[in-house]
Amino acid sequence: MKVKKMWSILLIMIFTLISCTNISFSQGIGNGLEKSNCEEILKNYIEDFLVEGYSEYYDINDVKVIFDEVDVDESSNVEFIAKATMNSVLKAKCVEELPYVKGMLERVNLNTFSYESDDNTINMVSAANKSNLSDRQIEVASKIIIDKIKDLEQYIGQADDTNFIFKITASVKDGEIDISTLKMFAENIDEFIPAEEILPKNSQELEKEGFEYLETEISEPVIICNEEILPNLYSGYDRIAARDYANKYTSNTTKQCPHGKALMDTSKYNSNYNWYCHNDCANYVSQSLKAGGLPTDSTWKAGSTAWVNCESLTNYMVSTKKYWKKSDYENANAGGVIMMKNSDGHRYHTVMIVKNDTVTRQFSGHTNDRLKTAYSKNSNWEYYVLQ
């Protein structure tokens, strides 16, 4: 489905470019290419890309595009860096209409389910699965469904901004963009990926993921394992407070840090804490976790190694305190944490998860500073939740 979307978008782009081939390039950016004209064309392209890619699930209220950088090298290659903000609201009128949740409900034979209360949910799961699930499986399935519905209710009917960072490259020929060479990439936390990979999956794929997730969670071996080693997560953690803190104290700045190694706007930071040039990610995540209610101690406190270092922070939260539980891309929700690892397995970067409505996922972070920015799946990342 994504391939069809990309072809339709590319055709729109080609038509737009062809219709603008006889323009006087009065404000050039190199090789006779007019900056304002190119930005307008690419702006329309990005808008069409996002509307085409997300309109299956959202009503798109607005898309704004700002170009941060434009470069042309000696080989007549042009590169644009753009920030796009999409304001949208889910088309689903209730959580049960979301494809991922539909898949979960299908696994327990509740295709026409509508949440009324916790007790009613348990009774309906039990009635529909008496012959094929154990009492323990029914209990676990009911709890997962109830928790998922309560988590997702906050997104229904609420318009929200999602930010994207795009890089567009192409060759320039005779003062025009060579459309046969045009490529667009989306920033995915600390890497650029083909732009189509940032788009949500189709509804059939999301339903399948929801079905398979619940299938795995209610399998007898998983239930037995979880009963034996389930982490003692900190019950006082307010993940929404952690999310709100994370969104309050960052931005999508284009300012460079003093060493020119990362994008930082320290005027957006909490002045009650020290900050670390081009290395503030774990410090920011620790602040967010503390804002969510995690208690400090002699090991984990502002300025300590466990507070500012990704490896030490993970070891403290997973091994020492057992506050963090491993999750996955599909289910790690707002208030959770992503840890990035390199090829050697070393954790080098971390961000806060600030949204997961099962269709779109957002993170906020420091160095680079990012606010409510979309991310896609990466199998090398670690996803953690706290409850």
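Residues numbered from 1 in each chain as written. Predicted model: local features only at pLDDT ≥ 70, side-chain atom pairs only at ≥ 80, totals over all residues. Heavy atoms only, no water.

**Q** Could you clarify how one ought to interpret the pairing of strand 3 (residues 160–173) in this entry?
**A** The two faces of the sheet receive side chains in turn, since in a regular strand these alternate between them. The element strand 3 is largely enclosed, with a buried count of 10 among its 14 residues. The turn linking strand 3 back onto strand 4 (residues 176–187) is made up of two residues, and aspartate 174 within it adopts a positive phi angle of 55°. (Buried < 20%, exposed > 50% of the residue type's maximum accessible area, 1.4 Å probe, protein only. Helix = DSSP H or I, 4+ residues; strand = E, 2+ residues; numbered from the N terminus. Pairing = 2+ DSSP bridges.)

**Q** Explanation requested: the environment of valine 318 in the structure shown.
**A** Mapped onto the secondary structure, valine 318 falls in helix 11 (residues 310–320). A relative accessible area of 30% means that valine 318 is categorised as partly exposed. In the structure, valine 318 is positioned 85 residues away from leucine 233 in sequence and 9.7 Å away in space, judged by C-alpha atoms.

**Q** Explanation requested: the pattern of salt bridges in the structure shown.
**A** Oppositely charged side chains are able to pair whenever their charged atoms sit close together. Per the counting criterion, the structure on display carries 18 salt bridges. In this structure, glutamate 215 and arginine 107 form a salt bridge, with 2.2 Å as the shortest nitrogen-oxygen distance. Of this pair, glutamate 215 sits in helix 6 (residues 203–217) while arginine 107 sits in helix 3 (residues 99–107); the two residues are 108 residues apart in sequence, bridging distant segments of the chain. With a relative accessible area of 16%, arginine 107 lands in the buried category. (Salt bridge = Lys/Arg side-chain N within 4 Å of Asp/Glu carboxyl O.)

**Q** Looking at this structure, how should I read the nonpolar core?
**A** For soluble globular proteins, nonpolar side chains are generally found buried alongside one another. Core analysis: the biggest nonpolar cluster contains 59 residues, and Ile46, Leu50, Phe164 and Phe166 have the highest contact counts within it. Elements with a minimum of two residues in this core: helix 2 (35–54), strand 1 (58–72), strand 2 (77–90), helix 3, helix 5 (135–152), strand 3, strand 4 and helix 6. Excluding residues that lie within four positions of it along the chain, isoleucine 46 makes contacts with Val65, Ala82, Ala84, Phe166, Ile168 and Met184. Core analysis: the next-biggest nonpolar cluster, separate from the first, contains 27 residues, Tyr245, Ala246, Val337 and Val354 among them. (Core = buried A, V, L, I, M, F, W, Y, C linked by side-chain atoms within 4.5 Å. Contact = heavy atoms within 4.5 Å.)

**Q** Would you take a moment to explain helix 2 for this structure?
**A** Each α-helix turn comprises 3.6 residues. Residues three or four places apart therefore point the same way. End to end, helix 2 covers 28 Å across 20 residues, agreeing with the expected 28 Å (1.5 Å per residue, within 8%). For helix 2, every residue scored as buried is listed here: Asn37, Cys38, Glu39, Ile41, Leu42, Tyr45, Ile46, Glu47, Phe49, Leu50, Gly53 and Tyr54. (Expected span 1.5 Å × (residues − 1).)

**Q** What is the right way to look at the pairing of strand 10 (residues 370–374) in this model?
**A** For strand 10, a buried count of four out of five residues is recorded, marking the element as mostly surrounded by other parts of the structure. What sits between strand 9 (residues 361–365) and strand 10 in their antiparallel hairpin is a turn of four residues, with threonine 367 showing a positive phi close to 45°.

**Q** What exactly am I supposed to notice about the side chain of threonine 358 here?
**A** Among the secondary structure elements, threonine 358 is positioned in the loop between strand 8 (347–356) and strand 9. The contacts of threonine 358, once residues within four sequence positions are left out, are Leu98, Tyr100, Leu152 and Leu206.

**Q** Please clarify how the packing of aromatic side chains should be interpreted in this entry.
**A** For any pair of aromatic rings, the description rests on two quantities: the centre-to-centre distance and the angle between the ring planes. Within the structure shown, the criterion is met by 15 aromatic pairs. Aromatic side chains tyrosine 54 and phenylalanine 164 sit 5.7 Å apart centroid to centroid with 65° between the ring planes, which places their arrangement in the edge-to-face category. Of this pair, tyrosine 54 sits in helix 2 while phenylalanine 164 sits in strand 3, and the two are 110 residues apart along the sequence. Residue tyrosine 54 shares its accessibility class with phenylalanine 164, and that shared class is buried. A centroid spacing of 6.3 Å and a plane angle of 65° characterise the contact between phenylalanine 363 and tyrosine 375, whose relative ring orientation is edge-to-face. You can see phenylalanine 363 sitting in strand 9 and its partner tyrosine 375 sitting in the loop between strand 10 and strand 11 (382–385), a full 12 residues away along the chain. (Phe/Tyr/Trp six-rings, centres within 6.5 Å; stacked < 30°, edge-to-face > 60°.)

The analysis is restricted to geometry; functional conclusions fall outside its scope.
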